[in-house]
Amino acid sequence: MRYSLATTIVLSLPGIFGGMVHAEDGSFNSNGVKIRFISEGKGEAVVLLHGLTGRAESWGKNPVRNAKMMPELAKNYRVIALDCRGHGQSDKPHDPKKYGREMIEDVVRLLDHLKIKKAHVVGYSMGAWVAGTLLVTHPDRLLSATLGGGGPWFEPSKEFVASTDALIDALEKGKIQSPFFQGQDQAALAAVLRGATQTPVTEEQLKVNKVPTLVANGSKDGDAARRKQLQRLASLLGAEFKVIEGADHLGTETSPEFLETVLAFIKKHIQ
């Protein structure tokens, strides 16, 4: 598939990244959809994939999430964070067919755009779905994968499917008033979720994984069945499994323990 180079500029972003300066801010055409990204640092590439309603800055110093993953990684690596389609400054189509596998391919096209053969990938929540599906579809492009607070669409429980369907319905009707959805294109987010449900992976696909993988989840994130499912996912992938004690879904993402775990995991798998 064809994609074209967009103008790339250099910006100083101390207010967003808490001291990080000269971050590359660019975009590219990913099969007809503009995808925006930011890049900082030098070394092996690390791609950061945010969760639903997030954006590239979620990994820097964000007033909502206040995560510090990007500035810490940028001390030793080339870190690239993108606004996943449907989010931030990337395009926000409303057709579910523009999501699903296309969101997976966005990461591959980003690597091609930046002329990067392989990268470490860190995904959280929705981003973990993208990273987990990449393990199945494009393992040759990954040095390692971290799945935080989620994973690929794999044998979801009836309860999880029902809650996802209810969220999609509410988003399509624009009924969600939560602060996390303020200023968001709710129709685009509904399409994101519909696309995700249409990209299942199988046990057989997971069991052949050879990419070093970390699965991390908060001890208070989800119900017991969901946590057990993530443990099974880790086992099938041959992955390390880390429980962030006392953390819920949002708390895991911003936890110092999660940050330290990811930093140590990536360092262990430098090539």
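Residues numbered from 1 in each chain as written. Predicted model: local features only at pLDDT ≥ 70, side-chain atom pairs only at ≥ 80, totals over all residues. Heavy atoms only, no water.

Let's shift gears to helix α3 (residues 101-113). Compared with an ideal rise of 1.5 Å per residue, which puts 13 residues at 18 Å, α3 spans 18 Å between its outermost C-alpha atoms and is within 8% of the ideal. With 10 of 13 residues buried, α3 is to be regarded as a mostly interior element. Residues of α3 that are buried include every one of E102, M103, I104, D106, V107, V108, R109, L110, L111 and H113, and no others. Backbone geometry just downstream of α3 places K115 in the positive-phi region, at approximately 60°. (Helix = DSSP H or I, 4+ residues; strand = E, 2+ residues; numbered from the N terminus. Expected span 1.5 Å × (residues − 1). Buried < 20%, exposed > 50% of the residue type's maximum accessible area, 1.4 Å probe, protein only.)

Moving on, we come to the packing of α3 against helix α4 (residues 126-137). The geometry of α3 relative to α4 is characterised by a closest axis approach of 9 Å and an angle of 75° between their N-to-C directions. Between α3 and α4, the interaxial angle falls into the category roughly perpendicular. Together, R101, M103, I104, V107 and V108 of α3 and M126, W129, V130, T133, L134 and T137 of α4 make up the contact between the two elements. Residues belonging to the contact of α3 with α4 are distributed by class as follows: 8 nonpolar, 2 polar and 1 charged. (Axes fitted to C-alpha atoms, helices over the stretch in contact; angles between N-to-C directions. Parallel < 35°, antiparallel > 145°, perpendicular 65-115°, else oblique. Contact = heavy atoms within 4.5 Å. Nonpolar A, V, L, I, M, F, W, Y, C, P; charged D, E, K, R; others polar.)

Turning our eyes to something else, we now look at helix α6 (residues 186-197). The end-to-end C-alpha distance of α6, which contains 12 residues, comes to 17 Å, matching closely the 16 Å that a straight helix rising 1.5 Å per residue would cover. Burial analysis of α6 places 9 of its 12 residues in the buried class, which makes it a mostly covered element. Residues of α6 that are buried include every one of Q186, A188, L189, A190, A191, V192, L193, G195 and A196, and no others. Here the buried face of α6 lies against α3, α4 and α5 (158-172).

Bringing unusual backbone geometry into the picture now. The residue T53 is not glycine, and still its phi comes out positive at about 75°. Checked against the element boundaries, T53 lands in the loop between β4 (45-49) and α2 (69-73). Using a relative accessible area of 10% as the deciding quantity, one classes T53 as buried. The phi dihedral of E155 is positive, around 40°, even though this residue is not glycine. Position of E155 relative to the elements: it lies in the loop between β7 (142-148) and α5.

So, on to the confidence of the model for the protein. For the protein, mean pLDDT is 89; residues scoring 70 or higher make up 90% of the total. This model gives residues 1-22 a pLDDT under 50, and the stretch forms 55 contacts once residues within four places in sequence are excluded. (pLDDT = per-residue confidence, 0-100.)

Further remarks concern the pattern of salt bridges. Tallied over the full model, the rule gives 17 salt bridges. Its salt-bridge partner being E24, residue R78 comes within 3.8 Å of it at the nearest N-O pair. Taken together, the residues R78 in strand β5 (residues 78-83) and E24 in strand β2 (residues 23-30) connect sequence positions 54 residues apart. Between D106 and R85 there is a salt bridge; the shortest N-O distance is 2.7 Å. Placement of the pair is D106 in helix α3 and R85 in the loop between β5 and α3, with a sequence separation of 21 residues. Residue classification places D106 among the buried residues on the basis of a relative accessible area of 2%. (Salt bridge = Lys/Arg side-chain N within 4 Å of Asp/Glu carboxyl O.)

Okay, the pairing of β5 next. Every other side chain in a regular strand lies on the same face of the sheet, so the side chains alternate between the two faces. Burial analysis of β5 places 5 of its 6 residues in the buried class, the great majority of the element. Here strand β3 (residues 33-40) pairs with β5 via 5 bridges, running antiparallel. Bridge pairing in β5 links R36 to D83. By the bridge criterion, 4 bridges tie β4 to β5 in an arrangement that is parallel. Bridge assignment links A45 to a residue of β5, and that residue is R78. (Pairing = 2+ DSSP bridges.)

Before going further, it helps to spend a moment on the environment of D112. In this fold, D112 is placed in helix α3. Distance from D112 to R141, taken between C-alpha atoms, is 10.0 Å for residues 29 residues apart in sequence.

Moving on to the packing of α5 against α6. Following both chains from N to C, one finds α5 and α6 inclined at 150°, their axes separated by 8 Å at the closest point. The angle between α5 and α6 falls in the class roughly antiparallel. Classified by chirality, the crossing of α6 by α5 is left-handed. Within the contact between the two elements, α5 uses T164, L167, I168, A170, L171 and E172 and α6 uses Q186, A187, L189, A190, L193, R194 and T197. In terms of residue class, the contact of α5 with α6 is made up of 8 nonpolar, 3 polar and 2 charged. (Left-handed = near helix turned anticlockwise from the far one by under 90°.)

Right, let's get into the side chain of T252. Checked against the element boundaries, T252 lands in helix α9 (residues 249-254). Here the side chain of T252 touches G218 through a polar contact of 3.3 Å, landing on its backbone nitrogen. Here D248 takes part through its backbone oxygen, which lies 2.8 Å from a polar atom of the side chain of T252. Sequence-distant contacts of T252, defined by excluding residues within four places in its chain, comprise Y124, N217, G218, I244, A247 and F258. (Polar contact = N/O pair within 3.5 Å; in protein donor to acceptor, adjacent residues only side chain to side chain.)

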